[in-house]
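Examining the three-dimensional arrangement
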Amino acid sequence: MHGDPASSVLVRHDFDSEAAGWARISHQVPHPAPFTRPWWLRHVARGTPTHLLVLAGEEPVGGIALTGRRVLGVELLRPAGHGVPCPDHVDLVAVPGHEERVAAAFAAWFRRPGARVLDLAGAPERSLAARALGVAARPMDVAPYEPLEPGGDGFLASRSASFRRNVRRTETRLARAGVRQWTATGASVAAALDAFEALHRDRPDRAPLLAQMPRLRPAVTEALAGGEARVDVLEVGEEPAAVSIAFVVAGRLALYQLARSTDRAHDGAGTALLVRVVEQAAAAGCHEVDLLRGEEAYKAGFASRRRVLTRVRAAHGARGRLLLAAWDGVRRLNALRRGAS
């Protein structure tokens, strides 16, 4: 009788060597997320890639994709794209049925000799990494979402009366000015992303995102080539009025970024474009639209449900625990200062 195959952990700093195994795992988990797909991990990571792949015998059954850097002699581990790119549902992942094996292997790796801190911002509410390390997953944000009827055209009809009215008025007004939507292909994605960047240059608050575009552009381009992204442009007259970047993974449409014109003649163009994208994705078979991390006011018109996102932080070693404690102290002090201002 054969026993349960032994677990082992592969650690790779060159992602491409294990990309195929990771791609299979990230599609089998209960919530496949764009930010665990190979095209995201390959291009958006900063720091030293640290990819763990847990094997059952020779079969990849789980893992976690991190980037690392050293802070005061402590290894700081964060998800690929930590910060401005705002990934969510970043976590230790496991093929269903292998959760305990993957959790135990990850915990043993994390607690090996040395000082390290794990900081997962945007982890799911029931984080496997938190369970593996015995730490709390503390709520930090929400991700609005809405189920879709695949093949249907009823998304707008399901929204509130005021939302429907505003979208229809916008569509009528833009139609008079000559509106055209086009969806980027491999040949036109560069032009679509150029338009996205040009619209954001009119908004100083989008400068941090623009600084990330040298990494985001190749990620989006590769995702689009693999059928896991769409970039849509809404033109009014001959001018881009809105550009949407969305990911499509395992039947879930994730609305990632929207650039819109600040010209008053184009008011509402961004919302109109997103409604079109959602209804087209539903017609193509998507079963959910995910608005991703953040409670921006416009999302309320698109989604009535929310997933809780958390922050998972853990430390190992005396210096790791000291760094995490100092970090917590700075955060509490900053919170007190904000409360007093």
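Structure's up top.
Residues numbered from 1 in each chain as written. Predicted model: local features only at pLDDT ≥ 70, side-chain atom pairs only at ≥ 80, totals over all residues. Heavy atoms only, no water.

Broken down by element type, the protein carries 9 helices and 13 strands. A compact globule built from 341 residues would reach a C-alpha radius of gyration of about 20 Å, and the protein, at 22 Å, matches this within 12%. A buried classification covers 52% of the 341 residues belonging to the protein. Residue pairs at least 24 apart in sequence account for 72% of intrachain contacts in the protein once pairs closer than 6 positions are excluded. Counting only carbon and sulfur atoms, one obtains 53% of the accessible surface of the protein, whose full area is about 15,700 Å². Each charge sign in the protein was given a centre, from 46 positive and 36 negative side chains, and these centres are 7 Å apart. (Helix = DSSP H or I, 4+ residues; strand = E, 2+ residues; numbered from the N terminus. Rg over C-alpha atoms; globule rule 2.2 N^0.38 Å. Buried < 20%, exposed > 50% of the residue type's maximum accessible area, 1.4 Å probe, protein only. Contact = heavy atoms within 4.5 Å. Areas by Shrake-Rupley, 256 points an atom, 1.4 Å probe, with all protein chains shown as cover. Lys, Arg positive; Asp, Glu negative; His and termini not counted. Charge placed at Lys NZ, Arg CZ, Asp CG, Glu CD.)

Further remarks concern helix H8 (residues 269-283). Here H8 spans 21 Å end to end across 15 residues, near enough to the 21 Å set by a 1.5 Å rise per residue. Taken residue by residue, H8 has Ala-269, Gly-270, Ala-272, Leu-273, Leu-274, Val-275, Val-277, Val-278, Ala-281 and Ala-282 as its buried positions. Summarising the contacts, the buried residues of H8 are in contact with helix H5 (161-177), strand S8 (179-183), strand S9 (229-236), strand S10 (239-249), strand S11 (252-260) and strand S12 (288-290). Gly-285, located one to two residues past H8, shows a positive phi value of around 115°. (Expected span 1.5 Å × (residues − 1).)

In this structure the tally under the stated criterion is 20 salt bridges. For Glu-296, the salt bridge is made with Lys-299, and the minimal N-O distance between the two is 3.0 Å. Exposure remark for Glu-296: the relative accessible area of 40% places this residue in the partly exposed category. Note on Lys-299: relative accessible area 3%, which makes it buried. (Salt bridge = Lys/Arg side-chain N within 4 Å of Asp/Glu carboxyl O.)

Packing of helix H6 (residues 189-200) against helix H7 (residues 207-225) leaves a shortest axis separation of 11 Å and a crossing angle of 155°. One element, H6, and the other, H7, form an angle in the roughly antiparallel class. In the crossing of H6 with H7, the sense of the turn from one axis to the other is right-handed. Along the contact surface, H6 presents Val-189, Ala-190, Leu-193, Asp-194, Phe-196, Glu-197 and His-200, while H7 presents Leu-209, Leu-210, Met-213, Arg-217, Val-220, Thr-221 and Leu-224. Here the contact of H6 with H7 is built from residues that sort into 9 nonpolar, 2 polar and 3 charged. (Axes fitted to C-alpha atoms, helices over the stretch in contact; angles between N-to-C directions. Parallel < 35°, antiparallel > 145°, perpendicular 65-115°, else oblique. Left-handed = near helix turned anticlockwise from the far one by under 90°. Nonpolar A, V, L, I, M, F, W, Y, C, P; charged D, E, K, R; others polar.)

Counting 45 residues, the largest nonpolar core has Trp-40, Val-231, Ile-245, Phe-247 and Tyr-256 as the members making the most contacts within it. Contributions of two or more residues to this core are made by helix H1 (19-28), helix H2 (38-44), strand S2 (48-56), H6, H7, S9, S10 and S11. When residues of this core are assigned to their parent elements, the largest contribution, 8 residues, is made by H7. If near-sequence neighbours (up to four positions away) are discounted, Tyr-256 is found in contact with Phe-35, Trp-40, Pro-85, Leu-216, Ile-245, Ala-246, Phe-247 and Leu-292. One finds Phe-155, Leu-255, Ala-281 and Ala-282 within the second-largest nonpolar core, a separate group that totals 27 residues. (Core = buried A, V, L, I, M, F, W, Y, C linked by side-chain atoms within 4.5 Å.)

Relative to the helices and strands, Glu-235 resides in strand S9. The buried category is assigned to Glu-235, whose relative accessible area is 12%. Residues in contact with Glu-235, not counting those within four places in the same chain, are Gly-178, Val-179, Arg-180, Trp-182, Pro-240 and Ala-241.

With that settled, consider the packing of aromatic side chains. Summed over all chains, the structure comprises 12 aromatic pairs. Centre to centre, the rings of Trp-40 and Phe-247 are 6.5 Å apart; their planes meet at 80°, and the pair counts as edge-to-face. Here Phe-247 lies in strand S10 and Trp-40 lies in helix H2, a separation of 207 residues in the sequence. For Phe-247, a relative accessible area of 1% gives the class buried. Three or more aromatic residues joined by ring pairs form one cluster here, namely Phe-35, Trp-39, Trp-40, Phe-247 and Tyr-256. One cation-aromatic arrangement involves Arg-307 over Tyr-145; the distance from NZ or CZ to the ring centre is 3.8 Å. Lying across the ring of Trp-327, Arg-313 places its NZ or CZ 4.5 Å from the centre. (Phe/Tyr/Trp six-rings, centres within 6.5 Å; stacked < 30°, edge-to-face > 60°. Lys NZ or Arg CZ within 6 Å of the ring centre and 35° of its normal.)

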